[in-house]
Amino acid sequence: MPQAAFAALFILLAGMATAADYRAGPGDYRDAVHRLQPGDRLLLVPGDYLHGLSLHGLTGRAGEPIVIEATDSAAAPHFIARPGANTISLVDVRHLILRHLELDGRNVPVDAVKAEGHSRFADFITLDHLYIHGHAASQQNVGISTKCPVLGWQIKHNRIERVGT
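Below is a summary of the structure that appears in this document. Values in this document were obtained by computation on a predicted structure and should not be read as measured data.

What counts, and where the lines are drawn
- Residues numbered from 1 in each chain as written.
- Predicted model: local features only at pLDDT ≥ 70, side-chain atom pairs only at ≥ 80, totals over all residues.
- Heavy atoms only, no water.
- Pairing = 2+ DSSP bridges.
- Helix = DSSP H or I, 4+ residues; strand = E, 2+ residues; numbered from the N terminus.
- Axes fitted to C-alpha atoms, helices over the stretch in contact; angles between N-to-C directions.

Here we come to the sheet that holds strand β16 (residues 159–161). Read from one edge to the other, the open sheet built from 5 strands follows the order β3-β6-β9-β12-β16, with strand pairing classed as parallel. Pairing within the sheet leaves two strands with one partner each, and these edge strands are β3 (48–49) and β16. Judged from the 3 bridges that link them, strand β6 (residues 78–80) and strand β9 (residues 102–104) form a sheet pairing that is parallel. Pairing of Phe-79 across the sheet is with Leu-103, part of β9.

Here it is in structure tokens:
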């Protein structure tokens, strides 16, 4: 292989990031979210997550989504609603998969999953095996809400109970 071709191949391969798995718990998951790149997985251990899940500016790619899921599908991380913030907030995100999470509203007046109204987009989002409950402070509180332009959502295998709408 000519030296110039070898150098070009080296530069190409050096620029390619490899997907990573991050394991986090209630104390450090928010820091891990900021590191996520296309193809990465954030594996959440069981426990009570008290600060919601703000997913802002995360962009996976087709074939390389960012995945956030439980380390053990039988022991879902337990996201507990808090006043003034939706349990999962989506802003300017693409190609995300959220899987095997519990969203407990405890009748706090917030939504469980919301593509926020100030977001420019929330595209190719998959919500899979979520247990959404207790987001029923009023009929205005909902399990899944989109208030911005969205495209290509998949909502499957979810259990939704006791929500306003």
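Having seen it, we continue.
Here the focus is the sheet that holds strand β4 (residues 53–56). If you walk across this open sheet you meet the 4 strands as β4-β7-β10-β13, and the pairing is parallel. Two strands lie at the open edges of the sheet, namely β4 and β13 (144–146), each paired on one side alone. This sheet shows a mean twist of 10° between the axes of neighbouring strands, independent of strand direction. As paired elements, β4 and strand β7 (residues 88–91) share 4 bridges and run parallel to each other. Note that in β7 the partner of Leu-55 across the bridge is Leu-90.

Bear in mind that shape data such as this cannot, by itself, settle questions of function.
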